[in-house]
Amino acid sequence: MSPFPGILPDEPIDSVAHLIQTALTPIFMLSGIGTLLNLFNTRLARVSDHIEKANETLETTKAPTGRRHLRQHIRHLHRRTLLLDASILLGAVGGASTCGAAFVLFLGSLRDSSVASWLVVMFGMALVCTVGALASFLCDSLLAWHGLRMTTSWARSVHPKG
């Protein structure tokens, strides 16, 4: 029997600890997703700034090969924005699903009902969307690395040392 009837449950400490662990899992995941969304948005802002700068350079460049390289570079940057948009969208859906999972946990504790199927769906969707956001971000990173190699080799051919 609990020393504080009505305040503390008459359950063993293990079940209370499990309840706390279960309630905190979505919170930690939501914190991580928020950090990822911040990273994705910052990266998207940098790519957008780079597109604006490349468009300004394109307007002043007269050489046909330089213009062709700049247009190719801008297309490359647009592909990156699409991947980053997908990362942000999937991350946001993952975050919303995590909030949904926390809400389902809350409702389940209030109503003392079985909400396991909803919890599995919401948390599962959060995990799938987070993995999708990270996969899309990986694709953007690969495009960025590829673009960096292309840009540096192009920069060396346009501005040779010597």
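Just so you know, these numbers come straight off a predicted model, no measurement behind them. Numbering of residues starts from 1 in every chain and runs along the sequence as written. Per-residue local features are limited, in this predicted model, to residues with pLDDT of at least 70; the limit for side-chain atom pairs, both in listing and counting, is 80 or more; totals at the level of whole chains, interfaces and linings are taken over all residues. Note that the side-chain values use all heavy atoms of the structure and ignore hydrogens as well as water.

**Some words on the overall build of the protein**
- Looking only at helices and strands, the protein has three helices and zero strands in total.
- Going along the chain from the N terminus, every DSSP run of H or I of four or more residues is numbered as a helix, and every run of E of two or more is numbered as a strand. Along the protein, from the amino end to the carboxyl end, the secondary structure elements read α-α-α.
- Relative to its 162 residues, the protein shows a buried fraction of 28%.
- Any pair of residues with heavy atoms lying within 4.5 Å of one another is described as a contacting pair. Intrachain contacts of the protein at a sequence separation of at least 6 include 76% that bridge at least 24 residues.
- The Shrake-Rupley method, run with a 1.4 Å probe sphere, supplies the accessible areas, and residue values consider only the shown protein chains as cover. Total accessible area on the protein stands at roughly 11,000 Å², and carbon and sulfur atoms take up 68% of it. A simple rule labels every residue: compare its accessible area, found with a 1.4 Å probe on the protein chains alone, to the largest value its type can have, and call it buried under 20%, exposed over 50%, or partly exposed in between.

**Quick notes on the pattern of salt bridges**
- Each salt bridge in this description consists of a side-chain nitrogen of Lys or Arg and a carboxyl oxygen of Asp or Glu lying within 4 Å of one another. In total, this model carries two salt bridges according to the counting rule given.
- Two residues, Asp 140 and Arg 43, come together in a salt bridge whose shortest N-O distance is 3.2 Å. One end of the pair, Asp 140, is in helix H3 (residues 116-158); the other, Arg 43, is in helix H1 (residues 13-60), with 97 residues separating them in the sequence.
- Exposure remark for Asp 140: the relative accessible area of 0% places this residue in the buried category.
- Between Asp 140 and Arg 80 there is a salt bridge, with the nearest N and O atoms lying 2.7 Å from each other. With a gap of 60 residues between them, Asp 140 in helix H3 and Arg 80 in helix H2 (residues 64-111) connect regions that are remote in the sequence. For the pair shown, Asp 140 and Arg 80 are each scored as buried.
- Overlapping salt bridges, with partners in common, bring together Arg 43, Arg 80 and Asp 140 in one network.

**Focus on the confidence of the model for the protein**
- A residue's pLDDT is simply how confident the predictor is in it, with values from 0 to 100. On average, the protein scores 79 in pLDDT, and the residues at 70 or more come to 71%.
- For the protein, the element scoring lowest by mean pLDDT is H3, at 76; H2 scores highest, at 86.

**Re the packing of aromatic side chains**
- Here the aromatic set is Phe, Tyr and Trp, taking the six-membered ring for Trp, and pairing holds for ring centres within 6.5 Å; pairs whose planes are under 30 degrees apart are stacked, those over 60 apart are edge-to-face, and all others are tilted. Counted by the stated rule, this structure contains one aromatic pair.
- Aromatic side chains Phe 40 and Phe 137 sit 4.9 Å apart centroid to centroid with 40° between the ring planes, which places their arrangement in the tilted category. Residue Phe 40 is located in helix H1, and its partner Phe 137 is located in helix H3; the two are separated by 97 residues in the primary sequence.
- Judged by its relative accessible area of 1%, Phe 40 falls in the buried class.

**Thoughts on the nonpolar core**
- Remark: nonpolar core denotes a set of buried residues (Ala, Val, Leu, Ile, Met, Phe, Trp, Tyr, Cys) joined through side-chain atoms within 4.5 Å. In terms of nonpolar packing, the biggest core is built from 13 residues, with Leu 37, Phe 40, Val 47, Leu 84 and Ile 88 touching the most fellow members.
- Mapped onto this core, the elements with two or more residues apiece are H1, H2 and H3.
- It is H1 that contributes the most residues to this core, seven residues altogether.
- Residue contacts for Leu 84: discarding those within four places in its chain leaves Phe 40, Arg 43, Leu 44, Val 47, Phe 137 and Asp 140.

**Regarding the environment of Asp 140**
- Separated by 60 residues in the primary sequence, Asp 140 and Arg 80 place their C-alpha atoms 5.3 Å from one another.
- Those residues within four positions of Asp 140 in sequence are excluded, and the remaining contacts are Arg 43, Arg 80, Leu 83 and Leu 84.

**What to know about a negative patch on the surface**
- Residues Asp 49, Glu 52, Glu 56 and Glu 59 make up a contiguous surface patch of negative charge.
- Locating Glu 52 in the fold gives a position in helix H1. In this scheme, patches are assembled from residues that exceed 30% relative accessible area and form no salt bridge. Like charges are connected within 9 Å, while nonpolar side chains (Val, Leu, Ile, Met, Phe, Trp, Tyr) are connected within 5 Å. Lys and Arg are tallied as positive, Asp and Glu as negative. Neither His nor the chain termini are counted. For charged residues, the charge sits on one atom: NZ in Lys, CZ in Arg, CG in Asp, CD in Glu.

**A few points about a nonpolar patch on the surface**
- A cluster of nonpolar residues, Leu 24, Ile 27 and Phe 28, forms a patch on the protein surface that exposes about 310 Å² of accessible area.
- Among the secondary structure elements, Ile 27 is positioned in helix H1.
- Exposure remark for Ile 27: the relative accessible area of 46% places this residue in the partly exposed category.

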